[in-house]
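# Structural features, examined
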Amino acid sequence: RSTAANNINRVNVHVVGAFGNRKLTEFRRDDLQGFLDGKGDVLSFSMVDHLRWDLKQIFDMAVAEDLIRKNPASLLFTPGAARRGQRHVMTIEEVKRCFAVLDLRERLIVQMAIIAGMRPGEIFGLTWERVGPDYADIRQRVYRGDIDRPKTVQSARRAALSQGLLMGLERWRELCIDARPEAWVFPSERCTPLSRDNILRRFI
């Protein structure tokens, strides 16, 4: 649902917003590359690259449906001038300081993200039966209260858990009111999955 919402909004705002009711047969590669070049002046590289992919998919479908003969978007490229965001990476010392100031529940959540490489929706969608002897078996995620499948096929996986993280999870399990196999590892007071936004804003 999150991916669909983002894709629909991006196409509506940028593609439909720019081209409106123009016919598919009227497009040429130069038109579309000019569109991407213009977006590269104001949007991030990632966003422009997504738009390039959107255009290719739209015209691929048009070719498949015999609406046009060739795909004018097949040779488009993402302009190099599009700005790339600076990547902020925590140092080991910053990670240690982060762990040191958090209580057990919040520390486990952050450790699962940093050490096990799990997404927030995967962490909050984890049940005790999915915690293995040295891994988290990721088969579902939570997005705004909805239980959903992992984001991609590759996202369904076993995320390795360190010994320290496993020990922390055992301590947390002992404190949990409901530690049945089907219970959430990080439940709310109503025994529903914790809200990602609430836990980040209020505690982390």
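We now turn to the structure provided with this report. Since the model is a prediction, treat every value here as computed from it, not as a measurement. (Residues numbered from 1 in each chain as written. Predicted model: local features only at pLDDT ≥ 70, side-chain atom pairs only at ≥ 80, totals over all residues. Heavy atoms only, no water.)

Scanning the protein chain from N- to C-terminus turns up eight helices and four strands. For the protein chain, the sequential pattern of α-helices and β-strands runs α-α-α-α-α-α-β-β-β-β-α-α. Principal-axis analysis of the C-alpha atoms places the extent of the protein chain at approximately 65 × 35 × 30 Å. In the protein chain, buried positions account for 37% of the 204 residues. Contacts in the protein chain between residues far apart in sequence, at least 24 positions, make up 60% of those at least 6 positions apart. Of the accessible surface of the protein chain, which amounts to about 13,200 Å², a share of 52% is contributed by carbon and sulfur atoms. (Helix = DSSP H or I, 4+ residues; strand = E, 2+ residues; numbered from the N terminus. Buried < 20%, exposed > 50% of the residue type's maximum accessible area, 1.4 Å probe, protein only. Contact = heavy atoms within 4.5 Å. Areas by Shrake-Rupley, 256 points an atom, 1.4 Å probe, with all protein chains shown as cover.)

A separate point is the packing of aromatic side chains. A complete count under the given rule lists four aromatic pairs for this structure. Taken together through their ring pairs, the aromatic side chains of Phe 19, Phe 27, Phe 35 and Phe 59 make up a single cluster. Its end group placed over the ring of Phe 27, Arg 22 keeps NZ or CZ at 4.3 Å from the ring centre. The positively charged end of Arg 84 is found above the aromatic ring belonging to Phe 45, 3.7 Å away from the centroid. (Phe/Tyr/Trp six-rings, centres within 6.5 Å; stacked < 30°, edge-to-face > 60°. Lys NZ or Arg CZ within 6 Å of the ring centre and 35° of its normal.)

Judged by nonpolar contacts, the single largest core of 25 residues is most densely connected at Met 112, Met 118, Leu 161, Leu 169, Trp 172, Val 185 and Phe 186. Counting only elements with at least two residues in this core, the list comes to helix 5 (104–114), helix 6 (120–124), strand 1 (135–138) and helix 7 (163–175). The residues contacting Met 118, other than those within four sequence positions of it, are Met 112, Ala 113, Ile 123, Leu 126, Ala 136, Ile 138, Arg 157 and Ala 159. Among the nonpolar cores identified, the runner-up in size contains 17 residues, and Phe 35, Val 48, Ala 62 and Ile 68 belong to it. (Core = buried A, V, L, I, M, F, W, Y, C linked by side-chain atoms within 4.5 Å.)

In this section: the pairing of strand 1. The two faces of strand 1 match: Tyr 135 and Asp 137 on one face and Ala 136 and Ile 138 on the other face are all buried. Pairing geometry for strand 1 and strand 4 (residues 157–160), over four bridges, is antiparallel. Residue Asp 137 lies in a different strand from strand 4, and its bridge partner there is Arg 158. (Pairing = 2+ DSSP bridges.)

Let us look at the packing of helix 5 against helix 7. Here helix 5 crosses helix 7 at 140°, and the two axes come no closer than 10 Å. Remark: the crossing between helix 5 and helix 7 carries left-handed chirality. Packed against helix 5, whose contacting residues are Leu 104, Arg 105, Arg 107, Leu 108, Gln 111 and Met 112, the element helix 7 presents Leu 165, Gly 168, Leu 169, Arg 171, Trp 172 and Leu 175 at the interface. Of the residues that constitute the contact of helix 5 with helix 7, the class distribution is seven nonpolar, two polar and three charged. (Axes fitted to C-alpha atoms, helices over the stretch in contact; angles between N-to-C directions. Left-handed = near helix turned anticlockwise from the far one by under 90°. Nonpolar A, V, L, I, M, F, W, Y, C, P; charged D, E, K, R; others polar.)

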